Amino acid sequence: MQQSPNLLVVSNGESPQANGVRLHKTSHLLQAESSSVVTRRKPLGAMDTDLIRLIGQHLRGLGFVHSIDALVEESGCSLENIATTNFRICVLTGNWKQADKALDEVSSLLVDPVSINNLRLLLLEEKYLELLDSNRDLEALHCLRQEIAGLPLHKHERTQKIHQLSSLIMCQNAAELRRAANWAGVKGGSREHLMDNICGFFPANIMLPPKRLSRLLQQATEYQIEKCNFHCVCSNADNYSLLTDHICTRDDFPASSVYTLADHSDEVWFLQFSHDGQRLVSGCKDGEVIIWDITGQPKKHHSIKTSYASGVTYIAWSPDDSLFIVCGSDDSSEAIVYITESGEEKCRVHQTSEDCPTCCAWHPDGSKFYVAGTRGQFFECSSRDGTVLGQYEGVRLRCIAVQPHTNNVLAADTHCRVRSYNFQEHTANLVIQEDHPIMSFTLSKCGHYALLNIANKGIHMWDLMGLPLPCLVRRFSGVTQGFCTIHSCFGGLNDNFVVSGSEDNNVYVWHKKREYPIAILDGHVRTVNCVSWNPVRHSMIASASDDTTIRIWGTRLQADKQQRCLEEREAKMITEDRKCHLRSHAHTTSALYISHTHVCARTHTHTHARTHTHTHTICISSCIGN
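Residues numbered from 1 in each chain as written. Predicted model: local features only at pLDDT ≥ 70, side-chain atom pairs only at ≥ 80, totals over all residues. Heavy atoms only, no water.

Focus on the confidence of the model for the protein chain
Phase 1: Looking at the protein chain as a whole, the pLDDT averages 86, with 86% of positions reaching at least 70.
Phase 2: Mean pLDDT values over the elements of the protein chain span from 33, in strand β1 (residues 8-10), up to 98, in strand β29 (residues 541-545).
Phase 3: Scored below 50 in pLDDT, residues 1-39 makes 35 contacts in the model with residues more than four places away or belonging to other chains.
Phase 4: Within the model, the stretch residues 603-626 combines pLDDT values under 50 with 0 contacts to residues more than four positions away or in other chains. (pLDDT = per-residue confidence, 0-100. Helix = DSSP H or I, 4+ residues; strand = E, 2+ residues; numbered from the N terminus. Contact = heavy atoms within 4.5 Å.)

Here's what the structure looks like:
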């Protein structure tokens, strides 16, 4: 490409063409402008000095040594004092004898001067591992017995460390050593990692914390993401530009109806995505359960006609998605466990005809599950055959959920409260007390938050880890919640969002840190009973309604793509219909032509025969006359 004669190529390298950054200035003008800038430079403030040091540290991490020298020379700011720089060089080059001397020189700069022995232990531990890694076992033993054992540390701490390090001598090779010591090796960056640990012993103004500028920029990006209403999918941090503020639009959010599933023939009361995000299960008022395959365009995997004549009220996937439990309404006396792949029944939970298990939940390890109902039954059951392992009596429950990594089962009862039950210890403790009936509730994946649907009050979010007690952190507004059972859920990236159905036929979505909805999804024509957010594909939400349909919500791009597919399919069908019509018309025309030709032929033959007969008759008459 031809360049302008006044085009100068400026770079960080030695040659003008090193990085290809071009300025439309002549060299004389650039030098004059640079010199004028230097003479007019303002005095550097404390923040300017810190920023220059952070830039220098970042450049050093990238290996731009000459650029650092130029920055320090022009700004007059040093990244570190001479003593700490000398100490850093000794550590990174593995000069352990000089590093120990340099440590004495900077000991007065430590946050806690007593910690100098802990620093020496870190240096000697790295030295010992490097000696073992290079097969210098005798020198490593000398380091262990003479230097490490001689450190003035607490006796128990020193003995434990010596036993730990001495066991590493038995490693057969370098790979085993690194695995046993959880050590990366010199080529793997062990010295740099050591230097990062050492930085914590010094004040930040003496030795900068590792990768400080990158950390500040990451915090800024995280803050912008936190303030973004529609950020719901995980993406690589390298995709974020530092040149502009981060913002997602509504088009990037699952707020558009992509698919409408109409295979149910009655009101759909419940649905839930599997943990792997590849299946969706739905339960209907007529007792039908459908497993949907949603790896591509949603399609029915299989359908199960259960014995719940009054409807399916709750379904729960096992932790590995191989099984699921189905519960019915108040007039059903059993819970049924089905095999996901085949749809066959595995076992049932049935104690007496008075039982009415209407809700269920799985233990995190999948070995057992829990079922409960409003008539006072609460069972812990084996997932192998449905055997009842334990029970509480007299507790009337509307909904249950198991706290992750614990044996505690949270249960909402008919007394407007949530209690924590432990079947091993047979205890029950109050967790949440509300003033109005709790129609349903769910937990975030981490178990930190609980989401409660309250009759006539909407949705409340509680912090279960609040100190000293769980506390109400937010009331979400907008949703219409009466005494219908509506199931809400957390969803999106890090469970940052809350989604719920509503009696006004809409789906409401909130950011969990905001009171008012960020999106209202319309499309259903009757009450939306249940919603579920795909735990893997964060750009997918499903909703179930009394209008007998399930809607799958996605981004605008997904909706537009599906619309184009439908239009192309419709156009193809119209084209095929036209072709069929033309073929039918051509066939009819051909048949008429053949029939007409046949008639004409018969007419011609008949006429010819009559003519021939008439001629023959005339000939005979003539003969008689003669």
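Regarding the pairing of strand β28 (residues 528-533)
Phase 1: Burial within β28 is extensive, with 6 of its 6 residues counted as buried.
Phase 2: Note that β28 and β29 share 5 bridges and pair antiparallel. By the bridge assignment for β29, Val528 is matched with Ser545. (Buried < 20%, exposed > 50% of the residue type's maximum accessible area, 1.4 Å probe, protein only. Pairing = 2+ DSSP bridges.)

Quick notes on the sheet that holds strand β3 (residues 256-261)
Phase 1: If you walk across this open sheet you meet the 4 strands as β3-β30-β29-β28, and the pairing is antiparallel. Strand pairing shows two members of the sheet lacking a second neighbour, β3 and β28, which therefore form its edges. The average angle at which neighbouring strand axes cross in this sheet is 25°, direction not considered.
Phase 2: Note that β29 and strand β30 (residues 550-554) share 4 bridges and pair antiparallel. Across the sheet, the residue bridging to Ile541 is Trp553, located in β30. (Axes fitted to C-alpha atoms, helices over the stretch in contact; angles between N-to-C directions.)

Concerning the layout of surface pockets
Phase 1: Volume-wise, the largest pocket comes out at about 1000 Å³.
Phase 2: In terms of lining residues, the largest pocket is bounded by 40 residues, among which Gln272, His275, Thr442, Leu443 and Lys445 are the most central.
Phase 3: Elements with a contribution of two residues or more to the lining of the largest pocket: β4 (268-273), β8 (312-317), β12 (359-362), β16 (397-402), β20 (438-443), β24 (489-491) and β28.
Phase 4: By residue class, the composition of the lining of the largest pocket is 25 nonpolar, 13 polar and 2 charged. (1 Å grid on protein atoms, 1.4 Å probe; cavity = no way out; pocket = protein on both sides within 12 Å on 5 of 7 lines; lining within 4 Å. Points joined across faces, edges and corners; volume = space filled by probe spheres on them. Nonpolar A, V, L, I, M, F, W, Y, C, P; charged D, E, K, R; others polar.)

Thoughts on the pattern of salt bridges
Phase 1: Enumeration according to the criterion identifies 20 salt bridges in this entry.
Phase 2: Where Arg88 meets Glu80, a salt bridge forms, and the shortest distance between an N and an O atom there is 2.4 Å.
Phase 3: The buried category is assigned to Arg88, whose relative accessible area is 11%.
Phase 4: On the basis of relative accessible area, Glu80 is assigned to the buried category, the value being 8%.
Phase 5: Where Glu380 meets Lys368, a salt bridge forms, and the shortest distance between an N and an O atom there is 3.4 Å. Here Lys368 lies in strand β13 (residues 368-372) and Glu380 lies in strand β14 (residues 377-382), a separation of 12 residues in the sequence.
Phase 6: For Glu380, a relative accessible area of 5% puts it in the buried group.
Phase 7: Take Lys368: its relative accessible area is 13%, and that puts it in the buried class.
Phase 8: Overlapping salt bridges, with partners in common, bring together Asp100, Asp104 and Arg120 in one network. (Salt bridge = Lys/Arg side-chain N within 4 Å of Asp/Glu carboxyl O.)

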